[in-house]
Amino acid sequence: MKHIKQICALFFASAFIVLNMFSASAYEKDEHNKMMCDVLFKNFKTIENDKDVADEIKALEYASYLAIDQFNGNGQSELDYLKNYGVKEIPKLSEIDYSGGSYHRRATHRGWDGEINLYEGATLDRWIIRKKILINTADKIFDFKGNKEKRESFCAIIYYIHILGDRLSDKKYYVNTEIMELGGRTDELDITNELIKHFEILFKDIKNTHRHKYQHVISKLELYNSKISELMKEYEKDGKMSDENFKLYQKYAEDINEVLRDNLPEMLKNEDFFSEVFYK
């Protein structure tokens, strides 16, 4: 049997050669896909039917891209793929499209639960449609047995893996009106606190034999959240992020990513909705 990472690599290699000739964003898309696969599947083998598994991964990649990173009229082929795959309520491209290049972050990168705190007007309307693409794709792939909260939190975790990847790749610090803060906010509207919240929902019924791993992840996330909080206090006092603190900020982002890579795959492998698809 092949590693799931090897299956993902087939998409990265073919897409990179062709798409990177036209747009720098193609490379970024491949990097996001690789990061998602690492966090969801690292070091685990897949079922023998590679084609089926590849289709599921591709659907998750496309849905994540359309929800978070689509802009400037791109994405029709991804919408068509998901529609043909059987995802319900696929919107028209015009219903989700944003112009403005990298400024699309303001409309999609500021939080999964944007309808209650971060987006408004037409931006909010589009975001509600966009996040349903990812939710409906997850519904097509997995059987959550009617547990809408678990489905929502799984999609939110995919979302925050993507936003974490952007924080990792940024060359300078961006304020939370551009992209959600990494951690340390008193109102808890940041990536780390959101991951903790959705882990608590997704793994609410985690088996006792794996609870130690879950508790390890939560304690690590809380630790890094505390460290980021100290950086943000300095930022608020000085009104800027020093080069030294920005290096620390990105180190904490990589540390959080490592915690996810090293623990989430095994935790998901022991969730029925996930193992029934990828570990039959």
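These figures come from a predicted structure and were not determined experimentally. (Residues numbered from 1 in each chain as written. Predicted model: local features only at pLDDT ≥ 70, side-chain atom pairs only at ≥ 80, totals over all residues. Heavy atoms only, no water.)

### Re the pattern of salt bridges
Close approach of charged atoms allows side chains with opposite charge to pair. Operational definition: In the sections that follow, a salt bridge refers to a side-chain nitrogen of Lys or Arg positioned within 4 Å of a carboxyl oxygen of Asp or Glu. Runs of H or I in DSSP of at least four residues are treated as helices and runs of E of at least two as strands, each being numbered from the N terminus. Residue exposure (1.4 Å probe, protein chains only): buried if accessible area is under 20% of the type maximum, exposed if over 50%, otherwise partly exposed.
Scanning the entire structure with this criterion turns up 19 salt bridges. With its nearest N and O atoms 3.0 Å apart, the salt bridge here joins K34 to D38. Residue K34 and its partner D38 are both found in helix α2 (residues 24–41); the two are separated by 4 residues, about one turn of the helix. The class of D38 is buried, set by a relative accessible area of 11%. Salt bridges sharing common partners tie together R105, D166 and D170.

### Quick word on the confidence of the model for the protein
The following threshold applies: Each residue carries a pLDDT score, the predictor's own confidence in it, on a scale running from 0 to 100. In this description, contact between two residues means that some pair of their heavy atoms is separated by no more than 4.5 Å.
Taken as a whole, the protein shows an average pLDDT of 87; of its residues, 86% reach a score of 70 or greater. Looking over the protein, one finds the lowest element-wise mean pLDDT in helix α1 (residues 4–19), namely 46, and the highest in helix α4 (residues 76–85), namely 98. Low pLDDT, under 50, characterises residues 10–27; the predicted model gives this stretch 15 contacts beyond four residues in sequence or across chains.

### Re the packing of aromatic side chains
Cut-off, in case you're wondering: Each aromatic pair joins two rings of Phe, Tyr and Trp (for Trp, the six-membered one) with centres within 6.5 Å, and gets the label stacked for planes under 30 degrees apart, edge-to-face for over 60, and tilted for any other angle.
Considering all chains together, one arrives at 27 aromatic pairs under this definition. Measuring from centroid to centroid gives 5.9 Å for W112 and W127, while their planes differ by 90°, and the two rings are edge-to-face. With W112 in the loop between α6 (105–108) and α7 (121–141) and W127 in helix α7, this residue pair connects regions lying 15 residues apart in the sequence. Accessibility expressed as a relative area gives 0% for W112, which makes it buried. With a relative accessible area of 0%, W127 lands in the buried category.

### Some thoughts on empty space enclosed by the protein
As a reminder, the rule being used: With a 1 Å grid laid over protein atoms only, a set of points is called a cavity when a 1.4 Å probe fits there but cannot get out and a pocket when it is open yet has protein on both sides within 12 Å along at least five of seven lines; lining residues have an atom within 4 Å of a point. Grid points are joined across faces, edges and corners, and a volume is the space filled by probe spheres set on the points.
Scanning the entire structure with this criterion turns up 1 cavity of 30 Å³ or more. For the largest cavity, the calculated volume is near 100 Å³. Contributions of two or more residues to the lining of the largest cavity are made by α2, α3 (50–68) and α8 (148–169). With 4 residues, the single largest contributor to the lining of the largest cavity is α2.

### A closer look at helix α11 (residues 243–269)
Convention followed: Helices are assigned an expected span. That span is 1.5 Å times one less than the residue count. What the bend at a residue measures is the angle between two axes, fitted to the seven residues ending there and to the seven starting there.
Over its 27 residues, α11 runs 39 Å from end to end, which matches the ideal 39 Å to within 8%, given 1.5 Å per residue. Of all the bends found along α11, the most pronounced is centred on N263 and spans about 35°, while P265, a proline, follows it within four residues.

### As for the packing of helix α10 (residues 211–238) against α11
To be explicit about the condition: Think of each axis as a best-fit line through the C-alpha atoms, taken over the contacting stretch in the case of a helix, with angles from 0 to 180 degrees between the N-to-C directions. Working definition: roughly parallel below 35 degrees, roughly antiparallel above 145 degrees, roughly perpendicular at 65 to 115 degrees, and oblique for all remaining angles. Any residue that is not Ala, Val, Leu, Ile, Met, Phe, Trp, Tyr, Cys, Pro, Asp, Glu, Lys or Arg is counted as polar, Gly included; the first ten are nonpolar and the last four charged.
Interaxial distance between α10 and α11 falls to 10 Å at its minimum, and their mutual angle equals 170°. The angle between α10 and α11 places the two elements in the roughly antiparallel class. Every residue of α11 that contacts α10 at K213, Y214, H216, V217, K220, L221, Y224, K227, I228, L231, M232 and E234 is listed here: N245, L248, Y249, Y252, D255, I256, V259, D262, N263, E266 and M267. Each residue belonging to the contact of α10 with α11 can be placed in one class, and the counts come to 13 nonpolar, 3 polar and 7 charged.

### Brief notes about the packing of α8 against helix α9 (residues 191–202)
As a reminder of what qualifies: When the near helix sits turned anticlockwise from the far one by under a right angle, the crossing is termed left-handed; a clockwise turn instead gives a right-handed crossing.
Packing of α8 against α9 leaves a shortest axis separation of 9 Å and a crossing angle of 155°. Between α8 and α9, the crossing angle belongs to the class labelled roughly antiparallel. The interaxial crossing formed by α8 with α9 has left-handed handedness. The residues of α9 that touch α8, namely those facing E149, K150, S153, F154, A156, I157, Y160, I163, L164 and R167, are I191, E194, L195, H198, F199, I201 and L202.

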